[in-house]
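Overview (structure and organization)
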Amino acid sequence: MKSYQQFLAELKRRHVFRVAGIYGLVSFGVLQAADLMLPRLGLPDWTVTFMVALVVLGFPVVLIMAWAFEMTPEGVQRTDVAAPGEIEGILAAPVSQRWPAGVLALVGVAALVASTWLIARRTAPVAGTDAAPAAGAAEVRLALSDPADDLRPSLAVLPFADMSPESDQEYFSDGITEEILNTLARIRELKVAARTSAFAFKGQQVDMRAVGDSLGVAYLIEGSVRKAGNRLRITAQLIEAADGSHLWSDQYDRTMDDVFAIQTEIAQAIAEELRVPLGLDDASQLVTPTADMEAYDLYLAGRTRLRERGLSIPAAIRLFEAAIARDSTWAPAWAGLAEARELIGWYPAAWEDGRPETKEQGLERFVAFQDLAESAARRALELDPNNASAHVALGSIHRNRGEWESGEAAYVRALELDPDDAEAHVQYAQLLMNVGRFNEAVRTASRAVLLDRVPVRLHIHGAALMGAGRYEEALAVSDEAYRLDPEYQPYGLGIFVDAWAKIALGRYDELRGLPWNAGGVPSRELIDRGIRSIQTGKYEDFPPELLHPVVLMRFGRHDEAAELMLSLTRSSGGVIGASWMPLFDPIRDHPAVLEALRLAGLEGVTPDKPAP
C-alpha cells in the first residue's frame, strides 16, 4: 500500500481535512465582514491587514493542533495511534465516504486564499503605480477622461444679484448662487462650470455670448435674490449662450423655509429643459436641507469667508461652528468646518495665537489642526456618506499625514460623487505629485484648471509640470496665473515654482524679474543676495535661510542636497513632491534620499518618466 495513501487516511482519521474546511470557510466570512466594517468604525488602515495576517498564520497552527489533539468525553487529549486495521478500514471504504472530507478541505483552503486575495487587491499600495484609480465607477472614468470626450450639456451659474431692500444680503445671494450650482452639479448628465470662474463676471454688464466663450459652456443661468425678513423671492432664467436667447425662466415667492425646495425645483426645471435625466430616484436627494434657517444663514456666511482664504479662515471656522451649534445634524456645516480646519494649517498668519516661534511649534499646531479637521470630516460623513466636500477634506488630511492610500481612496470617492469638483481634482493632483505620479498629476491638475481657471489651480498645475521636468510649460502656466491676479500667492507657491524651474533651466538672470513682493516669501534683501550668489556661482555667499535642495543641486553640492532633503522630511514632511524633479536624478540612490523616501512611506518608489 502506498505511503501517501496511508498519510491521507491518517489525516482523515485525525479530522484534519474537516478542520481545514471549516477554518477556511469561517475565515472567509470573518475577513469579508472585517474588510467591510472595520474602516467604518474609524480604525486604522492596518487593522484589516493585521487580521488577514493573523488568520493566515493561524491556519497551519490549527492544522497542527488538529493532528496532535482530539476531543474526547474527558476533554482535549493527545490523539492516540491508529488501532490495528483502522487505517486499512478507511482506505477500503467506498469513495462516497472517503472523498467528502477532502473536498471540504479544498473548498476551505480556496475560500481562505480567495478572501486574502480580494482584500489584498482592494488595499494594494497606490504609490509608484501609473494606473488610474481602480474605482470601477463610470463617474470616476468621466472625471479622469479627456475633456474633449465629455459631451454632456455644459452650463455656468452667474452670480445672482442682491435685490434686497437694504442691499445688505450679498453674502446670501452669493450663497444661494453657489447652492444652486452645487445642486446642478449633482446631476451627473450636466457639466457645470466651477463657482470661481463664473463669479469673475460678478457686477459686470456682460455679453452672454462672450461669457459662454470665456467659460467654455453652452448655457448660462442668471437671476436675483430678494430677502426681506422671512420672505424670499428668487428669479432664475436659463439662457443659450450662443445667441443669448432665453429658454426658461421662473419666479419663486416663498418663505425662507422653502429655500431648499426652490433649489430642487430650479434644478429639475433646467434638467427637463435640457432633456437630461436627474440620475436620482428622488429629486429631493439633490439638496441636503436643514430645518434651522439661521444655521443655513451662518453656513452661507462661512462659505463666503472660507473662499477669501488667508486671514478670513478663523471667521469661517467660527461661523461653521455657530451653524453646527444650531443644527448639529447638518452634514454640509460639518464638511465646511472640516475644510476650514484643514486649510488653516497652511496659513500661519491666520492663526489666532500668532505665528509659531519655532518649526517644532508650527508642526505641532499643524498636526492639531489636521486632527480637528478629521473629526469634523468624519462627523459629516456619518451624517451624509455622499458629501463630496467631506471626502475631499478627508483626502487632504490623509495626504498631509503621508497616508497615501487612504488619501487617494477619499479623493476617488469624492470624484465618484462629483466628477466636476475642481477642488477634488486639484487636491488629488498634489497627492499624485508627492508619490511621483506626475503624468497623472498633470492630467488631474489640468482638469481642475479647465473646470475653474483661477490662480491657485494654475499654480498647482505649474508645480505638476515642473515636477515632470516640463519646465517651459510650467513657466507658461505660472505666467498666466500672475496675469489673472498678480497679488494672489498662496504661501509663495507660484514664486518658488517659477524660481525652481528657472534654476533648473539655468536661466539665472530671469530670477530677478519674478514678483518677489508677493506674500509668503522672504525679504527682498535675502532674495537679492541669493540671486547674486547663483549668478556668480559663489555658494558661500548664498543666504542660509533660502537654502533648498534645488539650489544645492545647481551648485553641485549633491551630498548636502540629499542631507537637506532628509532633514526637511524629518522635521516637516519636507520636499517630497519637488524631489521627484529630473534635476535630482543624480542623487536618486543616495542613502539620505532613500531614507527620506522611507520616512515618507514611499520606499522603493520611482517617479514617472515624462509622457511623450
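Residues numbered from 1 in each chain as written. Predicted model: local features only at pLDDT ≥ 70, side-chain atom pairs only at ≥ 80, totals over all residues. Heavy atoms only, no water.

**Looking at the overall build of the protein**
The helix and strand inventory of the protein stands at 25 helices and eight strands. When burial is assessed residue by residue, the protein has 50% of its 612 residues classed as buried. Across the protein, contacts joining residues at least 24 apart in sequence account for 64% of those joining residues at least 6 apart. Surface exposure of the protein reaches about 29000 Å², of which carbon and sulfur atoms provide 55%. (Helix = DSSP H or I, 4+ residues; strand = E, 2+ residues; numbered from the N terminus. Buried < 20%, exposed > 50% of the residue type's maximum accessible area, 1.4 Å probe, protein only. Contact = heavy atoms within 4.5 Å. Areas by Shrake-Rupley, 256 points an atom, 1.4 Å probe, with all protein chains shown as cover.)

**Some points on the nonpolar core**
Ranked by size, the top nonpolar core spans 67 residues in total, and within it Met466, Met581, Ile587 and Leu602 carry the most contacts. A total of seven residues in this core trace back to one element, the largest contributor, which is helix 17 (residues 422–434). Excluding anything up to four places from it in sequence, methionine 466 contacts Tyr471, Ala474, Val497, Trp500, Ala501 and Met581. (Core = buried A, V, L, I, M, F, W, Y, C linked by side-chain atoms within 4.5 Å.)

**Focus: the packing of aromatic side chains**
Taken as a whole and assessed by the stated rule, the structure comprises eight aromatic pairs. When the centroid spacing of 5.4 Å and the interplanar angle of 50 degrees are considered together, the rings of tryptophan 351 and phenylalanine 369 count as tilted. One end of the pair, tryptophan 351, is in the loop between helix 13 (331–344) and helix 14 (359–383); the other, phenylalanine 369, is in helix 14, with 18 residues separating them in the sequence. Looking at tryptophan 351, the relative accessible area reads 5%, which means it is buried. An aromatic cluster is present here, built from Tyr296, Tyr299, Phe320 and Trp330 joined pairwise through their rings. The ring centre of tryptophan 351 lies 5.0 Å from the NZ or CZ of arginine 365, which sits over that ring. (Phe/Tyr/Trp six-rings, centres within 6.5 Å; stacked < 30°, edge-to-face > 60°. Lys NZ or Arg CZ within 6 Å of the ring centre and 35° of its normal.)

**Focus: the packing of helix 11 (residues 293–308) against helix 12 (residues 313–326)**
Put simply, helix 11 and helix 12 touch, their axes get as near as 8 Å, and they point 165 degrees apart. Between helix 11 and helix 12, the angle is such that the two are roughly antiparallel. You can see that helix 11 and helix 12 cross each other, and the crossing is left-handed. Each of Glu294, Ala295, Leu298, Tyr299, Ala301, Gly302, Arg303, Arg305 and Leu306 in helix 11 lies in contact with helix 12, whose residues at this interface are Ala315, Ala316, Leu319, Phe320, Ala322, Ala323 and Arg326. (Axes fitted to C-alpha atoms, helices over the stretch in contact; angles between N-to-C directions. Parallel < 35°, antiparallel > 145°, perpendicular 65-115°, else oblique. Left-handed = near helix turned anticlockwise from the far one by under 90°.)

**A closer look at helix 7 (residues 170–185)**
Helix length check: helix 7 (16 residues) gives 22 Å between terminal C-alpha atoms against 22 Å at 1.5 Å per residue, within 8%. Counting buried residues in helix 7 gives 13 out of 16 residues, a clear majority hidden from the surface. (Expected span 1.5 Å × (residues − 1).)

**Some points on the environment of glycine 223**
Tracing the backbone shows glycine 223 in strand 6 (residues 219–228). C-alpha separation for the pair glycine 223 and leucine 158, spaced 65 residues apart in sequence, amounts to 7.8 Å. Ignoring sequence-local partners within four residues, the contact set of glycine 223 consists of Pro159, Phe160, Ala161, Thr235 and Ala236.

**Details of helix 16 (residues 404–417)**
Look at helix 16: 20 Å from first C-alpha to last across 14 residues, which is about the 20 Å you get at 1.5 Å a residue. Taken across its 14 residues, helix 16 has 10 buried, putting it largely inside the fold. Regarding helix 16, the residues found buried are Trp404, Ser406, Gly407, Glu408, Ala410, Tyr411, Val412, Ala414, Leu415 and Leu417.

**Considering the pairing of strand 7 (residues 231–240)**
Here strand 6 runs beside strand 7; their pairing, made up of 10 bridges, is antiparallel. Paired with arginine 226 across the two strands is arginine 233, which belongs to strand 7. The hairpin formed by strand 6 and strand 7 contains two residues between the paired strands, and glycine 229 there has a positive phi angle of roughly 65 degrees. Bridging between strand 7 and strand 8 (residues 245–255) involves 10 bridges; their strand directions are antiparallel. Residue pairing in the sheet places threonine 235 in a bridge with glutamine 251 of strand 8. (Pairing = 2+ DSSP bridges.)

**Regarding the side chain of arginine 399**
For arginine 399, the location among the structural elements is in helix 15 (residues 388–400). Taking the relative accessible area as the measure of exposure, arginine 399 reaches 7% and is therefore buried. Polar contacts involving the side chain of arginine 399 include one to the side chain of asparagine 400, which spans 3.0 Å. When neighbours within four sequence positions are excluded, arginine 399 is seen to be in contact with Glu342, Trp404, Tyr411, Gln427, Gln430, Leu431 and Asn434. (Polar contact = N/O pair within 3.5 Å; in protein donor to acceptor, adjacent residues only side chain to side chain.)

**Here's the deal with the pattern of salt bridges**
Where charged atoms from two side chains of opposite charge come close, those side chains can pair. With the rule as written, the count across this model stands at 20 salt bridges. Here arginine 507 ties to glutamate 472 by a salt bridge, and the two come within 2.8 Å at their closest N and O atoms. With arginine 507 in the loop between helix 21 (493–505) and helix 22 (524–536) and glutamate 472 in helix 20 (residues 471–484), this pair connects stretches of sequence that are 35 residues apart. Taking relative accessible area as the criterion, arginine 507 reaches 25% and is therefore assigned partly exposed. By relative accessible area, which is 48% here, glutamate 472 ends up partly exposed. Through salt bridges with shared partners, one network takes in Asp371, Glu374, Arg378 and Arg401. (Salt bridge = Lys/Arg side-chain N within 4 Å of Asp/Glu carboxyl O.)

**Quick word on the confidence of the model for the protein**
Confidence in the prediction for the protein averages 77 pLDDT; 74% of positions are at 70 or higher. Least confident of the elements in the protein is helix 6 (residues 138–143), whose mean pLDDT is 53; most confident is helix 15, at 94. Taken together, the stretch residues 122–137 has pLDDT below 50 and engages in 33 contacts with residues farther than four places along the chain or on a different chain. Long-range and interchain partners of residues 277–286, a stretch whose pLDDT sits below 50, account for 20 contacts in this model, where long-range means more than four residues apart. (pLDDT = per-residue confidence, 0-100.)

**So, the environment of alanine 463**
Its location among the elements puts alanine 463 in helix 19 (residues 455–467). Residue class for alanine 463 comes out buried when judged on its relative accessible area of 11%. Each C-alpha atom of the pair alanine 463 and glutamine 430 lies 8.8 Å from the other, and the pair is 33 residues apart in sequence. The residues touching alanine 463, leaving out its near neighbours within four places in the chain, are Met433, Phe438 and Val497.

**Here's the deal with a nonpolar patch on the surface**
A contiguous nonpolar surface patch, about 240 Å² in accessible area, is contributed by Ile22, Val26 and Val30. Within the element layout of this structure, isoleucine 22 appears in helix 2 (residues 16–37). (Patch = residues over 30% accessible without salt bridge, like charges linked within 9 Å, V, L, I, M, F, W, Y side chains within 5 Å.)

**Some points on the side chain of serine 154**
With respect to the helices and strands, the residue serine 154 is situated in strand 3 (residues 154–157). For serine 154, the side chain forms a polar contact with the main-chain nitrogen of alanine 218, separated by 3.1 Å. Apart from the residues lying within four places of it in its own chain, the contact partners of serine 154 are Lys191, Gly216, Val217, Ala218 and Tyr219.

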